[in-house]
Amino acid sequence: QVQLVESGGGLVHTGESLRLSCTASRNNFRFDTMGWYRQTPGKEREMVATMTSESRKNYADSVNGRFTISRDSAKNTVYLQMDSLKPEDTAVYYCYGIKIVSVEGGKVERWGQGTLVTVSS
């Protein structure tokens, strides 16, 4: 079973940076789309950034221009570089991957375990 393992969260001040990493446990498993979502208490999980296997990227308006999603295919890893962090970015960040399979309507979805990002001030 393929799993997503993420890391990189922490406590930073306003204006500082963090980089999150998410690695698939099986190097021969390629997701069609990978991305990052975040969630705070009392709110629904929201999309932050996604990236397809063809390198098409999408960003939430709230992070566009500050966050950058990228991937290293050789390491089967997706990254989220977060610059100019704001207190409103504080949340648990979850890695996400989806792959469409050869069964009608079939798909494989995986979530990372979550990593906490806290931005003070």
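All of these numbers come straight from a predicted model, not from anything done at the bench. (Residues numbered from 1 in each chain as written. Predicted model: local features only at pLDDT ≥ 70, side-chain atom pairs only at ≥ 80, totals over all residues. Heavy atoms only, no water.)

Novice: Honestly, the pairing of strand 8 (residues 77–82) in this entry has me stumped. Any pointers?
Specialist: As a general feature of sheets, a regular strand has side chains that alternate between the two faces. By the criterion of burial, strand 8 is predominantly enclosed, with five of the six residues buried. Sheet analysis places strand 3 (residues 18–24) next to strand 8, joined by six bridges and oriented antiparallel. Each residue of the ladder has a partner; that of serine 21, found in strand 8, is tyrosine 79. In the sheet, strand 7 (residues 67–72) pairs with strand 8 via six bridges, with the strands oriented antiparallel. Across the sheet, aspartate 72 pairs through a bridge with threonine 77, a residue of strand 8. (Buried < 20%, exposed > 50% of the residue type's maximum accessible area, 1.4 Å probe, protein only. Helix = DSSP H or I, 4+ residues; strand = E, 2+ residues; numbered from the N terminus. Pairing = 2+ DSSP bridges.)

Novice: I'm lost on the nonpolar core in this one. Help?
Specialist: One broad rule of soluble globular proteins: the nonpolar side chains tend to lie buried together. Counting residues in each nonpolar core, the largest one holds 28 residues, and the members touching the most others are Trp36, Val48, Phe67, Leu80, Met82 and Tyr93. Counting residues per element, this core draws most heavily on strand 3, which supplies four residues. Contacts of leucine 80, omitting those with residues within four sequence positions, involve Leu18, Arg19, Leu20, Trp36, Val48, Ala49, Phe67, Thr68, Ile69 and Tyr93. (Core = buried A, V, L, I, M, F, W, Y, C linked by side-chain atoms within 4.5 Å. Contact = heavy atoms within 4.5 Å.)

Novice: Sorry, what's going on with the pattern of salt bridges here?
Specialist: Opposite charge on two side chains permits pairing when their charged atoms draw close. A complete count under the given rule lists five salt bridges for this structure. Here arginine 56 and glutamate 54 are joined by a salt bridge, their closest N and O atoms 3.7 Å apart. When its relative accessible area of 53% is taken as the criterion, glutamate 54 is described as exposed. For arginine 66, the salt bridge goes to aspartate 89, with nearest N and O atoms at 2.8 Å. You can see arginine 66 sitting in the loop between strand 6 (57–59) and strand 7 and its partner aspartate 89 sitting in the loop between strand 8 and strand 9 (91–100), a full 23 residues away along the chain. Aspartate 89 carries the same exposure label as arginine 66, and that label is buried. Where salt bridges share partners, they join Arg38, Glu46, Arg66 and Asp89 into one cluster. (Salt bridge = Lys/Arg side-chain N within 4 Å of Asp/Glu carboxyl O.)

Novice: Please explain the sheet that holds strand 3 as it appears in this structure.
Specialist: In a beta sheet, neighbouring strands pair by backbone hydrogen bonds and run either parallel or antiparallel. Across the sheet, four strands lie side by side as 1-3-8-7; this open sheet has antiparallel pairing. With partners counted over all chains shown, the strands left at the sheet margins are strand 1 (4–7) and strand 7, one partner each. For this sheet the average axis-to-axis angle between neighbouring strands, irrespective of direction, equals 15 degrees. (Axes fitted to C-alpha atoms, helices over the stretch in contact; angles between N-to-C directions.)

Novice: How do you make sense of the side chain of arginine 38 when you look at a structure like this?
Specialist: Tracing the backbone through its elements, the reader meets arginine 38 in strand 4 (residues 33–39). In terms of polar contacts, arginine 38 uses its side chain to reach the side chain of aspartate 89, at 3.0 Å. There is a polar contact of 2.9 Å between the side chain of arginine 38 and the side chain of tyrosine 93. The contacts of arginine 38, once residues within four sequence positions are left out, are Glu44, Arg45, Glu46, Val48, Ser62, Val63, Phe67, Glu88, Asp89, Ala91, Val92 and Tyr93. (Polar contact = N/O pair within 3.5 Å; in protein donor to acceptor, adjacent residues only side chain to side chain.)

Novice: Even after reading the chapter, I still don't get the state of the cysteines, so can you show me in this structure?
Specialist: When the sulfur atoms of two cysteines share a covalent bond, that bond is a disulfide. According to the stated counting rule, one finds one disulfide in the structure shown. Disulfide pairing is shown between cysteine 22 and cysteine 95; the S-S distance is 2.0 Å. Between cysteine 22 and cysteine 95 the disulfide shows an S-S torsion of about -85 degrees. By sign, it is left-handed. Taken as a pair, cysteine 22 in strand 3 and cysteine 95 in strand 9 lie far apart in primary sequence, 73 residues in all. (Disulfide = S-S within 2.5 Å.)

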